[in-house]
Amino acid sequence: VHYYYFFNWGPDSYHGRKAIESMNSMHGRYFIHNDGMKYVLLNGAFSVIDSLAVIGHRPLHRNERLGYFHTHVNMGQGMNIQELTHDWDEMYSWFQGMNKSLSAYAPQKRRMWLAIEDNFDRAAKVPGWFSRFRRLMEVSAMDDTLRSALGSGRPSDRKIEFCRAIVRGANRYRASLPKGPYI
């Protein structure tokens, strides 16, 4: 909801300001190193963009990639995350460097990832079969450094193509729905 409000209404809107205020309140209860906050923010941008390049139904336009990236940077700056710039190459290089330096497998990384996934699914009452399916989609779209950190191997080309077909099918279904005003 925070992302939705910020992305759809913008940083200077009532909803955008409330989203930032709420995120700052949540994160402010803990000490989180700036590099940790920066990494999570850039992960939210670059991992989505990179994943869509792997299993998306179409290539993203340059403006879509840049818009998504710049909106994340704006959000991070609103959250007072330091050392963020709107320079794609600089931020992507920093993010990839962190990924490479942290790519060694450790059981606690996998446990943490699964715990976050399971807690989300439980809270949203997601059926178990759908959770397993979503994980297949996520692992198929991940880059090698993240899969390595989680102890996952690269899925077969057949599984990756299956994921692409699912995304294409979902997009066709969504396009077939009646058009209405955006709310």
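All values derive from a computational prediction rather than experimental measurement.

Definitions and cut-offs
Residues numbered from 1 in each chain as written. Predicted model: local features only at pLDDT ≥ 70, side-chain atom pairs only at ≥ 80, totals over all residues. Heavy atoms only, no water. Helix = DSSP H or I, 4+ residues; strand = E, 2+ residues; numbered from the N terminus. Expected span 1.5 Å × (residues − 1). Buried < 20%, exposed > 50% of the residue type's maximum accessible area, 1.4 Å probe, protein only. Arc of directions from axis to C-beta. Contact = heavy atoms within 4.5 Å. Phe/Tyr/Trp six-rings, centres within 6.5 Å; stacked < 30°, edge-to-face > 60°. Lys NZ or Arg CZ within 6 Å of the ring centre and 35° of its normal. Core = buried A, V, L, I, M, F, W, Y, C linked by side-chain atoms within 4.5 Å. Salt bridge = Lys/Arg side-chain N within 4 Å of Asp/Glu carboxyl O.

### Observations regarding helix α2 (residues 14-27)
Move 1: Here α2 is 14 residues long and its end C-alpha atoms lie 20 Å apart, about the 20 Å a rise of 1.5 Å per residue gives.
Move 2: If you check which residues of α2 are buried, you get Gly-16, Ala-19, Ile-20 and Met-23. Along the axis of α2, the buried residues cluster in a sector spanning 95°; they form a single face.
Move 3: Elements in contact with the buried residues of α2: α1 (2-9) and α4 (62-78).

### Concerning the packing of aromatic side chains
Move 1: For the structure shown, the criterion picks out 14 aromatic pairs.
Move 2: Judged by centre distance (4.8 Å) and plane angle (80°), the rings of Phe-46 and Tyr-92 are edge-to-face. A residue pair is termed long-range when its members are at least 10 positions apart, and Phe-46 in helix α3 (residues 34-55) and Tyr-92 in helix α5 (residues 88-101) qualify at 46 residues.
Move 3: Residue classification places Phe-46 among the buried positions, given a relative accessible area of 0%.
Move 4: Take Tyr-92: its relative accessible area is 22%, and that puts it in the partly exposed class.
Move 5: Seen from their ring centres, Phe-69 and Trp-88 are 5.3 Å apart, and the 65° between their planes marks the pair as edge-to-face. Here the residue Phe-69 occupies a position in helix α4, and Trp-88 occupies one in helix α5, the gap between them amounting to 19 residues.
Move 6: The rings of Tyr-39, Phe-46, Phe-69, Trp-88, Tyr-92 and Phe-95 are connected pair by pair, giving a single aromatic cluster.
Move 7: The lysine or arginine in question, Lys-38, covers the ring of Trp-94, its NZ or CZ lying 4.2 Å from the ring centre.

### A closer look at the nonpolar core
Move 1: Judged by nonpolar contacts, the single largest core of 18 residues is most densely connected at Leu-42, Met-75, Met-79 and Leu-84.
Move 2: Residue assignment for this core shows that the elements contributing at least two residues are α2, α3, α4 and α5.
Move 3: The leading source of residues in this core is α3, at five residues.
Move 4: Look past the residues within four positions of Leu-84 in its chain and what remains in contact with it is Lys-38, Leu-41, Leu-42, Val-73, Gly-76, Gln-77 and Met-91.
Move 5: With six residues, the next largest nonpolar core counts Ile-55, Ala-141, Ile-160 and Val-167 among its residues.

### Considering the pattern of salt bridges
Move 1: Applying the stated criterion across every chain yields a total of 10 salt bridges.
Move 2: Among the ionic pairs, Lys-18 bridges to Glu-21, the shortest N-O distance being 3.5 Å. Here Lys-18 pairs with Glu-21, and both are found in helix α2, just three residues apart, close to one helical turn.
Move 3: Looking at Glu-21, the relative accessible area reads 49%, which means it is partly exposed.
Move 4: Glu-64 serves as the salt-bridge partner of Arg-58, at 2.7 Å between the closest nitrogen and oxygen.
Move 5: According to the relative accessible area criterion, Arg-58 is partly exposed, its value standing at 38%.
Move 6: In this structure, a network of salt bridges that share partners links the residues Glu-117, Asp-121, Arg-134 and Glu-138.

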